[in-house]
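Letter by letter, the chains look like this.
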Amino acid sequence: MKVIDTEIKDVKIIEPDCFGDHRGWFMETYSTDKFKEMGIVNDFVQDNHSMSQKKGTLRGLHFQNNPCAQAKLVRCTKGKVIDVAVDIRKGSPTYKKWVSVELSDENKRMFYIPRGFAHGFLCLSDDVEFQYKVDNLYSKECDRGIRYDDPSINVDWGSLLNGIEPILSEKDMNGPTLDESDANFVYEGDK
């Protein structure tokens, strides 16, 4: 596996080795030992799988507050998305900064998003299937979101949407800005 650093420390793009022949292909998507070698140490406890029917579907920006925060290892197994991670750790040198990566069934890339980040993705094709591992169980009490179009974060969804209105859930449409939210992450320095 190949790990690619992003502009935000600890957010990583992962390119698994894929082996193909006349029958198709095989790839290892997760190995505790290989991830430890890359500096990613998590005890993933839950797998999630979503399906979005229409291009323009936007899910996010989501996170779980402490004590139920989640690191995520995400990938797109059908279709194509732009995946976004936003640093929401108060005091971080990259607070409110975001990074993105295109994930697709073709490029087979994965995106590692540590705790303290909001996460979302925009479907660039119809019939998207998205899968991810998390290192903490879902908690309704800690489940949070912030507006995808928070002007203080300024994710460049517009150029990606190419003039179409995003398809949003009611929760995502009515979410607070980061400044209005009760996000409780504080930057603790480099570990």
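Residues numbered from 1 in each chain as written. Predicted model: local features only at pLDDT ≥ 70, side-chain atom pairs only at ≥ 80, totals over all residues. Heavy atoms only, no water.

Asker: Is there a simple way to explain the sheet that holds strand β8 (residues 80-87) in this structure?
Answerer: In a beta sheet, neighbouring strands are held together by backbone hydrogen bonds and run either parallel or antiparallel to one another. Spatial ordering of the open sheet is given by β9-β8-β11-β6-β13, a layout of five strands whose pairing is antiparallel. Each edge of the sheet is formed by a strand with only one pairing partner; in this case those strands are β9 (98-104) and β13 (143-145). Averaged over neighbouring strand pairs, the angle between their axes works out to 25° when direction is ignored. Judged from the seven bridges that link them, β8 and β9 form a sheet pairing that is antiparallel. Bridge pairing in β9 places A85 opposite V99. (Pairing = 2+ DSSP bridges. Helix = DSSP H or I, 4+ residues; strand = E, 2+ residues; numbered from the N terminus. Axes fitted to C-alpha atoms, helices over the stretch in contact; angles between N-to-C directions.)

Asker: So what exactly am I meant to see when it comes to the packing of aromatic side chains here?
Answerer: Any aromatic ring pair is given by two values, namely how distant the centres are and how the planes are angled relative to each other. Scanning the entire structure with this criterion turns up five aromatic pairs. Look at Y30 and F35: their rings are 4.8 Å apart centre to centre, the planes differ by 45°, and that puts the pair in the tilted class. The class for F35 is buried, based on a relative accessible area of 0%. Summarising the aromatic geometry, the rings of F130 and Y132 are spaced 5.9 Å apart at their centres and angled 55° between planes, so their arrangement reads as tilted. For F130, a relative accessible area of 0% corresponds to the buried category. Residue Y132 is classed as partly exposed on the basis of its relative accessible area of 22%. Members of the aromatic cluster, joined through ring pairs, are Y30, F35 and F44. Against the face of W25 rests K108, its NZ or CZ located 4.4 Å from the ring centre. (Phe/Tyr/Trp six-rings, centres within 6.5 Å; stacked < 30°, edge-to-face > 60°. Buried < 20%, exposed > 50% of the residue type's maximum accessible area, 1.4 Å probe, protein only. Lys NZ or Arg CZ within 6 Å of the ring centre and 35° of its normal.)

Asker: How should I be thinking about empty space enclosed by the protein in this particular structure?
Answerer: Taking a probe equal in size to a water molecule and rolling it over the atoms shows the remaining empty space. Evaluation of the coordinates by the stated rule reveals one cavity of 30 Å³ or more. Computed from the structure, the largest cavity encloses a volume of approximately 60 Å³. Broken down by element, the residue count for the lining of the largest cavity peaks at three residues, all from strand β6 (residues 58-64). Of the residues that constitute the lining of the largest cavity, the class distribution is six nonpolar, four polar and two charged. (1 Å grid on protein atoms, 1.4 Å probe; cavity = no way out; pocket = protein on both sides within 12 Å on 5 of 7 lines; lining within 4 Å. Points joined across faces, edges and corners; volume = space filled by probe spheres on them. Nonpolar A, V, L, I, M, F, W, Y, C, P; charged D, E, K, R; others polar.)

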